[in-house]
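Fold and geometry: a report
Residues per chain, in single letters:
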Amino acid sequence: MTPDQIILFSILGLVLALLIWGRVRYDLVAFGALMVSLLAGVVPLDRAFSGFGHPATVVVAFVLIISRGLSNSGVVEYIAAKMISATRPLFVHIGIMSTISAALSAVMNNVAALALLMPVDIQAANKAKWSPALTLMPLSFASILGGLVTLIGTPPNIIIATFRETALGESYHMFDFAPVGAICAVVGVLFIALIGWRLIPAARAEHDSGRELFELEDYIAELKVADDSKAIGEKLQEIRKVAEESEAQVIGIRRNGYRIPPASGYLEILAGDVIVVKAGPEAIEKFSGALGLGYVDPEAGPGVLTGDDLEMREAVVPNGALIEGRSAFSLSLLMRFNVNLLGISRQGERVHERVRHIDIQAGDVLLLLGTGESLTAAINFLGCLPLAERGLQVLQRQKAGLAIGIFAAAIVAASFGFVYLAVALGCVVGLYALLRIAPLREIYSSVEWSVIILLGSLIPVGEALETSGGTSLIASGLLALSYGYPAVVVLTLLMIITMTLSDVINNTATAVIAAPIAIELADRLKVSPDPFLMAVAVAASCAFLTPIGHKNNTLIMGPGGYRFGDYWRMGLPLEILIVAVGVPSILIFWPF
């Protein structure tokens, strides 16, 4: 190997290790890889930031904005309201929800599709009195499958299309993925609805982690003694009596930042004290109201939650959310929005001790207390997704036809070659902004910047690997491994390796790494690169074995109460099925 190849393989090896480890954000890992590659001289300076202007990066950003506009129009909620009923049998409900999820994911970002349908599905589960653990995993997997159908359904398809344009001079068109993608999606959804959901561990079906989070009877709450509180001057033993009447338990007093155990009943309560109680939400509210106390984080400042319009709301934490890896205390949630974090559900286990100081993980479900307006602002600020139907969306429902019409016109124009896809989607974004379908304040917030950084950083590194001959070395290794076997075996092997890689690292990164290898393999075998590129497109998106391979799998982890090892039970047979169906379909529509 040449020195450049050694450096690049070392960098990519470290990138893969860090992505699998998962402790460092993937966008930071990718950007670090780009910087190291530039310093080492393996990526030319004139190509340093070419990935940020790459068509794939631009199109991904546009699709995310358009997805926000489509969700703002209220069309998804309208469809769900018309087609979903909690009175249907469970397998019928799963089939309908999975079909809607897959169909929506074909024309919008699949993360956005899941975010819109998940509250609807949870509400239906509550009405039908079945656990959302039975329906959320099928919903997530179906949304991933739907992305296989069109060019804009998932970022890997966009990446594969741009690599084909570089290799052959022509990109894939909007529906070139449909023959193979649709077959995989239909077969996959049928499996999910008829068999797959039955493979979810029975222990998960016995619990509703969301409802249990609300019904939890042992929150730890810190209540501040305000200047006009009835508790001032009272002895602790009197406070305990009020607590008992409210079905709460006083477990401590905080004074000047120090914890005072409630050993002495004769301790006099002073203004500014914080009474630490253990009780359910209703008991806490009753106790605080009886003594004129307020919800507070004493270390965050003097803010107190007061008023008659307080409500509790759940929100799930996606990958890349602002609060991921940080605590509510570090973000001064109470000071900023007058919103208090009361509880956390993590993989079905409820966390409620000192929750404001716990570092939040992707997939956690947060139980927040505040006014309706402040809760909406706080959830948006934190980058979380509310687990309730968002009334905000219906305000744009009168623009649903306009939003769909503009988007459909752009797709038709791009499909027939009248307008370059990126230009067509850019026009949609501009019109959505002008017509306030996607208001300006939402344009930038709807772009998943971590994915943009990942793409912009890894594309130059991938190009450097290709120009240095690194992809040729990898292709040689795969060909040596399958020596003497027909090309279909190499194709299947590439698909399995890509799918396995996608289960442990971001699917976008997988596509960037695997696409040039696919082209090199086809060149070595003297066959068309199309079947190999299609195999990578399908495999890179089909991450069903773990909650970390695809953001949608992470999103459902908390609300469904799933464990890390739950996914493979339905995911492994689904991946085997996709390979079994995908390879013949690819060879029929994209022969060697």
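Quantities reported herein were computed from a predicted structural model and do not represent experimental measurements.

It is worth spelling out the overall build of the protein at this point. Each helix and strand counted, the protein has 26 helices and ten strands in total. Excluding contacts between residues fewer than 6 apart, the proportion of contacts in the protein whose partners are at least 24 apart in sequence is 78%. By element, 62% of the accessible surface of the protein is carried by carbon and sulfur atoms, the whole surface being about 23,600 Å².

Quick look at the pairing of strand β6 (residues 311-316) now. Note: β6 against strand β9 (residues 365-370), six bridges, orientation antiparallel. Paired with Glu314 across the strands is Leu367, a residue of β9.

In the contact formed by helix α6 (residues 110-128) and helix α7 (residues 133-146), the axes pass within 10 Å of each other and the chain directions differ by 155°. On the basis of their axis angle, the class for α6 and α7 is roughly antiparallel. Pair α6 / α7 crosses with right-handed handedness. Together, Asn110, Leu114, Leu117, Met118, Asp121 and Ile122 of α6 and Thr135, Leu136, Leu139, Ser140, Ser143 and Ile144 of α7 make up the contact between the two elements. Here the contact of α6 with α7 is built from residues that sort into seven nonpolar, four polar and one charged.

Turning our attention to the side chain of Thr162. Topologically, Thr162 is positioned in helix α8 (residues 155-168). The class for Thr162 is buried, based on a relative accessible area of 8%. Setting aside its immediate chain neighbours within four residues, Thr162 contacts His54, Pro55, Ala56 and Ser171.

So, on to the confidence of the model for the protein. In the predicted model, the protein carries a mean pLDDT of 84, and the fraction of residues at 70 or more is 89%. Note on residues 297-308: pLDDT is under 50 here. Beyond four places in sequence and across chains, it has 33 contacts. Within the model, the stretch residues 390-395 combines pLDDT values under 50 with seven contacts to residues more than four positions away or in other chains.

The terminal C-alpha atoms of helix α9 (residues 178-194), which comprises 17 residues, lie 23 Å apart, in line with the 24 Å expected from a rise of 1.5 Å per residue. Of the surrounding secondary structure, the elements contacted by the buried residues of α9 are α5 (90-107), α7, α23 (530-541) and α26 (567-589).

If you look at the biggest cluster of nonpolar residues, it comprises 134 residues, and the most contacted ones within it are Tyr432, Leu521, Tyr562 and Ile578. Broken down by element, this core gets its largest block of residues, eleven residues, from helix α22 (residues 507-525). Excluding its chain neighbours within four sequence positions, the residues that come into contact with Ile578 are Leu145, Cys184, Met495, Met499, Val538, Cys542 and Val583.

A full pass over the atoms with the stated rule returns eight aromatic pairs. Ring centres of Tyr172 and Phe177 lie 5.2 Å apart, and the angle between their planes is 65°; this geometry places the pair in the edge-to-face category. Each ring, one from Phe532 and one from Phe592, has its centre 5.9 Å from the other, and the planes form 45°; the classification is tilted. One end of the pair, Phe532, is in helix α23; the other, Phe592, is in the segment after α26, and 60 residues separate them in sequence. Overall, Phe532 belongs to the buried group, its relative accessible area being 0%.

Let us look at the state of the cysteines. In this structure the tally under the stated criterion is zero disulfides. Cys184 carries a free sulfur, and the closest cysteine sulfur to it, the one in Cys542, is 6.6 Å from it. You can call Cys184 buried: its relative accessible area is 0%.

What follows concerns the pattern of salt bridges. In this structure the tally under the stated criterion is eight salt bridges. Close ionic contact of Arg25 with Asp27 constitutes a salt bridge, the shortest N to O distance being 2.7 Å. Residue classification places Asp27 among the buried positions, given a relative accessible area of 12%. Ionic pairing is found between Lys241 and Glu238, a salt bridge with its closest N-O pair at 3.7 Å. Linking Lys241 with Glu238, this pair stays in helix α12 (residues 236-245), spanning three residues, or about one helical turn. Overall, the relative accessible area of 46% leaves Lys241 in the partly exposed class. By relative accessible area, which is 31% here, Glu238 ends up partly exposed.

In this section: the side chain of Ser246. Among the secondary structure elements, Ser246 is positioned in the loop between α12 and β2 (249-255). Ser246 sits in the buried class, given a relative accessible area of 5%. Ignoring anything within four residues of it in the chain, the contact list for Ser246 reads Ala283, Lys286 and Phe287.

For the rest of this paragraph, the subject is the pairing of strand β4 (residues 274-279). A large share of β4 lies buried, amounting to five of its six residues. Here β2 runs beside β4; their pairing, made up of five bridges, is antiparallel. Of the residues in β4, the one forming a bridge with Ile253 is Ile275.

Quick notes on the rules
Residues numbered from 1 in each chain as written. Predicted model: local features only at pLDDT ≥ 70, side-chain atom pairs only at ≥ 80, totals over all residues. Heavy atoms only, no water. Helix = DSSP H or I, 4+ residues; strand = E, 2+ residues; numbered from the N terminus. Contact = heavy atoms within 4.5 Å. Areas by Shrake-Rupley, 256 points an atom, 1.4 Å probe, with all protein chains shown as cover. Pairing = 2+ DSSP bridges. Axes fitted to C-alpha atoms, helices over the stretch in contact; angles between N-to-C directions. Parallel < 35°, antiparallel > 145°, perpendicular 65-115°, else oblique. Left-handed = near helix turned anticlockwise from the far one by under 90°. Nonpolar A, V, L, I, M, F, W, Y, C, P; charged D, E, K, R; others polar. Buried < 20%, exposed > 50% of the residue type's maximum accessible area, 1.4 Å probe, protein only. pLDDT = per-residue confidence, 0-100. Expected span 1.5 Å × (residues − 1). Core = buried A, V, L, I, M, F, W, Y, C linked by side-chain atoms within 4.5 Å. Phe/Tyr/Trp six-rings, centres within 6.5 Å; stacked < 30°, edge-to-face > 60°. Disulfide = S-S within 2.5 Å. Salt bridge = Lys/Arg side-chain N within 4 Å of Asp/Glu carboxyl O.

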